[in-house]
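# Inside the fold
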Amino acid sequence: SAVISQKPSRDICQRGTSLTIQCQVDSQVTMMFWYRQQPGQSLTLIATANQGSEATYESGFVIDKFPISRPNLTFSTLTVSNMSPEDSSIYLCSVKTTAKNIQYFGAGTRLSVL
Amino acid sequence: AQSVTQLDSHVSVSEGTPVLLRCNYSSSYSPSLFWYVQHPNKGLQLLLKYTSAATLVKGINGFEAEFKKSETSFHLTKPSAHMSDAAEYFCVVSTNFGNEKLTFGTGTRLTIIP
């Protein structure tokens, strides 16, 4: 399995500011994913981040609002830009291992926007 | 297109009694199906996975699920509930046709009554 570290684990931010969430994996992985889990709801895929290419965003999510970096095979960042209270959610990073075709998840970043 | 329906948003069982969490799926292609568990303030943990091998899949912590193509179901069961099983459970579908996207169900909150 893959061990995933996300930072920060939680944050409280002011409206209009931006927060960058980091995701570090203990092994090299090709595919990384960013999900959002709004309060009391299920997970929704924001984007797929593959090393060496631009992130692929799902319907309803745009790069200007959620820019993603993927500089190498073990690290990615998601920025939540110009935040509003509606962005208050848990943001989760996941990685897919080629060997077992399984996605593993980080513990998530709990974001509250005031 | 793929989708997942978890038929119960909340299930309560007494400790020591069987657990049944219901899931129906829809997929245009041969699906992979997963059950993930999310304990309070924790990340998601993979319980088990089906990928067109044996239809009865055994997972961790005594859980198992049976893939029934004719019923498009993938229900999660456990013979005897423990207090530590209290958590949110997500049924997840993914296609094997070059699409790595996971589609999550809305989740079932399992409560264990002492």
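Going by the structure above, here's the rest.
Residues numbered from 1 in each chain as written. Chains lettered and ligands numbered in written order. Predicted model: local features only at pLDDT ≥ 70, side-chain atom pairs only at ≥ 80, totals over all residues. Heavy atoms only, no water.

### Description of the sheet that holds strand E7 (residues 68–72) of chain A
All names here are of chain A. Our working definition: The rule for pairing is simple: two strands pair if DSSP sees at least two bridges between them. What counts as a helix is a DSSP run of H or I of at least four residues, what counts as a strand is a run of E of at least two, and both are numbered from the N terminus. Interaxial angle, 0 to 180 degrees, is taken between N-to-C directions of lines fitted to C-alpha atoms, where a helix line uses only the stretch in contact.
Strand order in this open sheet of 4 strands is E1-E3-E8-E7, and the pairing throughout is antiparallel. With partners counted over all chains shown, the strands left at the sheet margins are strand E1 (4–7) and E7, one partner each. Strand-to-strand twist in this sheet, taken as the mean axis angle between neighbours without regard to direction, amounts to 15°. Where strand E3 (residues 19–25) and strand E8 (residues 75–80) come together, 6 bridges link them in antiparallel fashion. Paired with Thr-20 across the bridge in E8 is Thr-79.

### Re the interface of chain B and chain A
Note on interface size: it is often stated as the accessible area lost on association of the parts. For clarity, the cut-off: Whether two residues are in contact is decided by their heavy atoms: any pair within 4.5 Å suffices. Salt bridge, as applied in this entry: a Lys or Arg side-chain nitrogen positioned within 4 Å of an Asp or Glu carboxyl oxygen. Any pair of N or O atoms that falls within 3.5 Å is considered a polar contact. Within protein, one atom must be able to donate a hydrogen and the other to accept it, and sequence-neighbouring residues count only if both atoms are side-chain atoms. Each residue receives one of three labels: charged for Asp, Glu, Lys and Arg, nonpolar for Ala, Val, Leu, Ile, Met, Phe, Trp, Tyr, Cys and Pro, and polar for the others, Gly being one of them.
The interface of chain B with chain A comprises 17 residues on the first partner and 19 residues on the second. Joining chain B to chain A, the criterion identifies 0 salt bridges. Linking chain B with chain A are 3 residue pairs in polar contact (both at pLDDT 80 or more), by the criterion used here. Mapped by element, the contributors of at least two residues to the side of chain B that touches chain A are strand E5 (31–38) and strand E6 (44–50) of chain B. Its residues assigned to classes, the side of chain B that touches chain A shows 7 nonpolar, 6 polar and 4 charged.

### Let's talk about the pairing of E3(A)
All names here are of chain A. As a reminder of what qualifies: Only protein chains enter the accessibility calculation, which uses a 1.4 Å probe; a residue whose area is less than 20% of its type maximum is buried, one above 50% is exposed, and one in between is partly exposed.
Side-chain alternation along E3 places Leu-19, Ile-21, Cys-23 and Val-25 on a buried face and Thr-20, Gln-22 and Gln-24 on a face that remains uncovered. Taken together, the 4 bridges between E1 and E3 define a ladder with antiparallel strand orientation. Paired with Ser-5 across the two strands is Gln-24, which belongs to E3.

Any link to function would need more than the numbers given here.
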